[in-house]
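Residue-level structure breakdown
Chain residues, written in single-letter form:
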Amino acid sequence: MNGFLDERELRANYEQCKAVTRRYARTFYFASHVLPAEKRRAAYAVYAFCRYADELADGGQSRHHARLHLSALRDQLRYLYNRSSHMDKRLRALLDTVVRYHIPQEYFLDLLRGVEMDLDRQRFATFAELREYCYCVASTVGLIMTHIFGVADRKALRQAVDLGIAMQLTNILRDVGEDARRGRIYIPQEDLERFSYSEQELIAHVRNENFRRLMQHNIARAREYYQSADAGIPFLTNDGSRFCVRLMRRTYAAILDDIEQHDYDVFDRRAFVPTWRKMHLACRAFFTNGASHLTVAEPIELSAQHQG
């Protein structure tokens, strides 16, 4: 399939992507080991690209230079999809992945659009605005992964979008304090007003009853998206892909549990799921998965017109 790629260099590039994933995405790296080897390395190639794009916005450089680098990355995507010799050789693994799994370019372009939002805005007036951001930076990755995992029914695309939104909302709630220190407030302004909690209080790390109610509201919202996403998991190939997504879903949702258990303290500590808890969740996900019944979903041509 990849006769136009040097096999030795391709393997080396995949190994580099694996190293990036192992270092920066410990939860996903833990869950990825249940995937078949080919799908696992494809997932690493996607993550490494996403990580690089994210670093362009958060790397401490000026917004002007970050935009220039994002524009250059868009050019690289075009080279990649056109099989151009101008493509950066570090994208070999991603090229192999998008060809092998027929991944539309639109998903990656939407991802970059979301990354660019972090350069242009530090507040979101409504949840509708925040949802669009979550779609771009997280749901697009879920849609990319449906191509890699294999999905038996197009209806599962909506659930893939919802899972991305749920996971990004979880990141936002976990990182409230850290983001505030960087001048970013992702919780919608309409929510702050609804619960009578000001930006000034958030920046000052005030954890009062209004803040707890604000967090409870947003945790409930994230859980609704997790619950919606659950309906799509059975449509994934049961070769480890279904198990991987179920494990990721449960591990991420457990971050919300940890926030609650520590009285919504997202200012002085970072919520996390310890290894023993991940192992417990893995066991539960395995038995829920119905591992004794193996089904394989054929890859289908998925349109980027998915949001609905």
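Residues numbered from 1 in each chain as written. Predicted model: local features only at pLDDT ≥ 70, side-chain atom pairs only at ≥ 80, totals over all residues. Heavy atoms only, no water.

Core analysis: the largest hydrophobic core is formed by 101 residues, its most contacted members being F49, V98, I103, F108, L130 and I259. Here the element with the most residues in this core is helix 7 (residues 127-149); it accounts for 13 residues. Leaving out residues up to four positions away in the same chain, L130 has contacts with F124, L169, I172, Y186 and P188. (Core = buried A, V, L, I, M, F, W, Y, C linked by side-chain atoms within 4.5 Å. Buried < 20%, exposed > 50% of the residue type's maximum accessible area, 1.4 Å probe, protein only. Helix = DSSP H or I, 4+ residues; strand = E, 2+ residues; numbered from the N terminus. Contact = heavy atoms within 4.5 Å.)

Taken as a whole and judged by the stated rule, the model has 9 aromatic pairs. Here F28 and Y44 contribute two aromatic rings whose centre-to-centre distance is 6.5 Å and whose plane-to-plane angle is 85°, an arrangement assigned as edge-to-face. Residue F28 is found in helix 2 (residues 26-32), and its partner Y44 is found in helix 3 (residues 37-58); the two are separated by 16 residues along the sequence. Taking the relative accessible area as the measure of exposure, F28 reaches 14% and is therefore buried. With a centroid separation of 6.2 Å and an interplanar angle of 45°, the aromatic rings of F127 and Y225 are classed as tilted. Placement of the pair is F127 in helix 7 and Y225 in helix 12 (residues 209-230), with a sequence separation of 98 residues. We note that F127, like Y225, is buried. An aromatic cluster of three or more residues is present, and its members are F28, Y29 and Y44. (Phe/Tyr/Trp six-rings, centres within 6.5 Å; stacked < 30°, edge-to-face > 60°.)

The geometry of helix 12 relative to helix 13 (residues 241-261) is characterised by a closest axis approach of 11 Å and an angle of 160° between their N-to-C directions. On the basis of the axis angle, helix 12 is roughly antiparallel to helix 13. Relative to helix 13, the crossing made by helix 12 is left-handed. In this structure, helix 12 uses M215, I219, A222, R223, Y226, Q227 and D230 to contact helix 13, whose residues at the interface are R249, Y252, A253, L256, D257, I259 and E260. Split into classes, the residues belonging to the contact of helix 12 with helix 13 amount to 8 nonpolar, 1 polar and 5 charged. (Axes fitted to C-alpha atoms, helices over the stretch in contact; angles between N-to-C directions. Parallel < 35°, antiparallel > 145°, perpendicular 65-115°, else oblique. Left-handed = near helix turned anticlockwise from the far one by under 90°. Nonpolar A, V, L, I, M, F, W, Y, C, P; charged D, E, K, R; others polar.)

Two side chains of opposite charge can pair, provided their charged atoms sit close to one another. Counted under the stated rule, the structure contains 25 salt bridges. When the shortest N-O distance is used, the salt bridge between D96 and R100 registers 3.3 Å. With a gap of 4 residues between them, D96 and R100 both fall in helix 5 (residues 92-101), about one helical turn apart. A relative accessible area of 1% places D96 in the buried class. In this structure R100 comes out as partly exposed when scored by relative accessible area, which is 25%. The network of salt bridges with common partners includes R174, D175, E178, R182 and R270. (Salt bridge = Lys/Arg side-chain N within 4 Å of Asp/Glu carboxyl O.)

What follows covers the side chain of D191. Here D191 shows up in helix 10 (residues 189-194). The residues touching D191, leaving out its near neighbours within four places in the chain, are L214, H217, N218 and R221.

A few words on the state of the cysteines. Across all of its chains, the model carries 0 disulfides by this definition. Cysteine C134 shares no disulfide, and the gap to the nearest cysteine sulfur, in C136, comes to 9.5 Å. (Disulfide = S-S within 2.5 Å.)

Next up on the list: helix 13. Between its first and last C-alpha, helix 13 extends 30 Å over 21 residues, near the 30 Å set by a 1.5 Å rise per residue. Just past helix 13, the residue D263 takes up positive phi, approximately 55°. (Expected span 1.5 Å × (residues − 1).)

Next up on the list: helix 6 (residues 105-120). Its 16 residues give helix 6 an end-to-end C-alpha distance of 23 Å, which sits within 8% of 22 Å, the value for a rise of 1.5 Å per residue. Here helix 6 has its buried residues at Y107, F108, D110, L111, L112, G114, V115, E116, M117, D118 and L119. In the core, the buried residues of helix 6 are packed alongside helix 3, helix 4 (63-81), helix 5 and helix 7.

As a packed pair, helix 1 (residues 7-24) and helix 3 sit with axes 8 Å apart at the nearest point and diverge in direction by 65°. In terms of axis orientation, helix 1 runs roughly perpendicular to helix 3. Between helix 1 and helix 3 lies a crossing whose hand is left-handed. Along the contact surface, helix 1 presents Y14, C17, K18, V20, T21 and Y24, while helix 3 presents R41, A42, Y44, A45, Y47, A48, R51 and E55.

By themselves these figures say nothing about function.
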